[in-house]
Amino acid sequence: MVKVWTNWGAVLPNPCNCRGLRGRNIGFESPFSHHDIKQKMQKRIILVFLTLILWKTGISGQELKSQSPLVIAHRGASGYLPEHTLAAVALAHGLGADFIEQDVILTQDNQPVVLHDLTLDATTNVNNLFPGRNRKNGLFYAIDFTLAELKKLSVRERGNRSGTESKYPRRFPGKSALFKIITLQEEIELIQGMNKSTGRNVGLFVELKDPEWHRQEGKDLSAVVMKLLEHYGYKTAKDRVYVQSFSANELKRLRLEFETKLKLVQLIGENRWRLSETDFNRLLTAEGLAEVAVYADGIGPWIKQIVGGNSFFGNPELTSLVSDAQSLGMKVFPYTIRSDALPGFSSSFEELLDIMFKQAKVDGVFTDFPDKVRSFLKLQI
Ligand code: G3P
Ligand code: CA
């Protein structure tokens, strides 16, 4: 049985009082003593204060960040090919992405596969191949299938809620049976192989998908993923990988219990989406952001947390989120930039990119269209 670890609360205020949406305790019992953890946290708090001092003395987070914003291919080049397929990954590499994103979940036999949803319904033909293997709610969960079984499925363009047509009608035809579910290992090998053959150094942007739910299912997603990343040489903060999660407690766990040196990104959504036990409203406060800066290197907000709306004259109204986070030494990588699904605050793709890069000055974006963002950056920045 998984035991709980609640010592974090002795060092910093607990963002969710250790009881989440599903009404259960969160976190694992740490192998470290309370004293060890307290010492580590004190060191990190000192680092944050040093960053704040740099900021106060005129060296802003903006100046500390790298020169060129990152193009992060969201689920591969998913604007052109079905998400999280080898083809979409190869195309993203070829189109000039700096990083390629992987959403990772576990199979019944503990294999990490690259899938956005916990369920298979919206992106595969599972209903045809495995009738009756759904749960009571009618959905087919990847975690109920072995990797060998998942490999029999075809991956297709994401369908809409009713499954009658594609979510993005102008994208790859929905009925194709060309593509397969891939493992994280396969994707790493493809990216590292293409890095060798092209001389580029494209990185990974790995998201741990709902680690809390995996724990309920008796699985430790983080342990499997971190072991695999280490096996493939991703060990230090300098390595070309970011690990991201909506779960604040899981990221804290990676930093303290796993003692990972890898760069971590706190994803921020809306509480109503029910993605995690994390209280996103609290993370967006000054106190919450300062706490994130203790364990994470960056944040991944959604674009409407950066642009609150338009002024009376139609100009975008930026929130202070980007500058607040950068002032704490963190990078900001908003999601998701799509040329075929513009947010209400922008009337064109170019305007959206202008707002993100030139006005908000983000450090990179998740995009389904890495080539279009790359072209914009070449011309404008
Ligand atoms: O990980 C950044 C972004 O991808 C988060 O949203 O739902 O596409 O994983 P989602
Ligand atoms: Ca993601």
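Residues numbered from 1 in each chain as written. Chains lettered and ligands numbered in written order. Predicted model: local features only at pLDDT ≥ 70, side-chain atom pairs only at ≥ 80, totals over all residues.

1. A short note on the overall build of the chain
Across its full length, the chain carries 15 helices and 11 strands. Here the chain, with 381 residues, has 41% of them falling under the buried criterion. Summarising the internal contacts of the chain: among those between residues at least 6 apart in sequence, 69% fall at separations of at least 24. (Helix = DSSP H or I, 4+ residues; strand = E, 2+ residues; numbered from the N terminus. Buried ≥ 20, exposed ≤ 12 C-beta atoms within 10 Å, placed from the backbone. Contact = placed C-beta atoms within 7 Å.)

2. Description of the confidence of the model for the chain
Here the chain shows a mean pLDDT of 87. Residues at 70 or above account for 82%. Ranking the elements of the chain by mean pLDDT puts helix α1 (residues 8-11) last with 34 and strand β3 (residues 112-114) first with 99. Note on residues 1-32: pLDDT under 50 across the span, and 57 contacts to partners over four residues away in sequence or across chains. Note on residues 50-66: pLDDT under 50 across the span, and 18 contacts to partners over four residues away in sequence or across chains. (pLDDT = per-residue confidence, 0-100.)

3. Some points on the pairing of strand β6 (residues 263-268)
Judged by how many residues are buried, β6 sits mostly within the fold: 6 of 6 residues are covered. Burial along β6 is two-sided: K263, V265 and L267 and L264, Q266 and I268, pointing in opposite directions, are all buried. Of the strand pairs in this sheet, strand β5 (residues 241-245) and β6 are connected by 4 bridges, and their pairing is parallel. Paired with V243 across the two strands is L264, which belongs to β6. Taken together, β5, helix α10 (residues 248-256) and β6 form a β-α-β motif whose crossover is right-handed. Relative to strand β7 (residues 298-301), β6 runs parallel, the two sharing 4 bridges. Counted as the bridge partner of V265 is G298 from β7. (Pairing = 2+ DSSP bridges. Right-handed = clockwise from strand over helix to strand, strands pointing away.)

4. Structural notes on the site of ligand 1
Taken together, H74, E101, D103, H116, E207, Q244, L267, G300, Y335, T336 and F366 make up all the residues around ligand 1. Of the residues assigned to the shell around ligand 1, the class counts are 3 nonpolar, 5 polar and 3 charged. (Near = placed C-beta within 6 Å. Nonpolar A, V, L, I, M, F, W, Y, C, P; charged D, E, K, R; others polar.)

5. Section: the packing of helix α14 (residues 349-359) against helix α15 (residues 370-380)
Two numbers describe how α14 lies on α15: the axes approach to 11 Å, and their chain directions differ by 65 degrees. The way α14 lies across α15 gives a crossing that is right-handed. Taking contact as the criterion, the partners of F349, E350, L353, F357 and K358 in α14 are, on α15, K372, V373, F376 and Q380. The class makeup of the residues in the contact of α14 with α15 is 5 nonpolar, 1 polar and 3 charged. (Axes fitted to C-alpha atoms, helices over the stretch in contact; angles between N-to-C directions. Left-handed = near helix turned anticlockwise from the far one by under 90°.)

6. Section: unusual backbone geometry
Peptide bonds are mostly trans, and most non-glycine residues show a negative phi. Here Y335 and T336 are connected by a cis peptide whose omega angle stands at -10 degrees. Within the secondary structure, T336 is located in the loop between β10 (331-332) and α14. The phi torsion at N110 lies on the positive side, around 65 degrees, for a residue other than glycine. Mapped onto the elements of the fold, N110 is located in the loop between β2 (99-106) and β3. Even without being a glycine, D210 presents a positive backbone phi close to 50 degrees.

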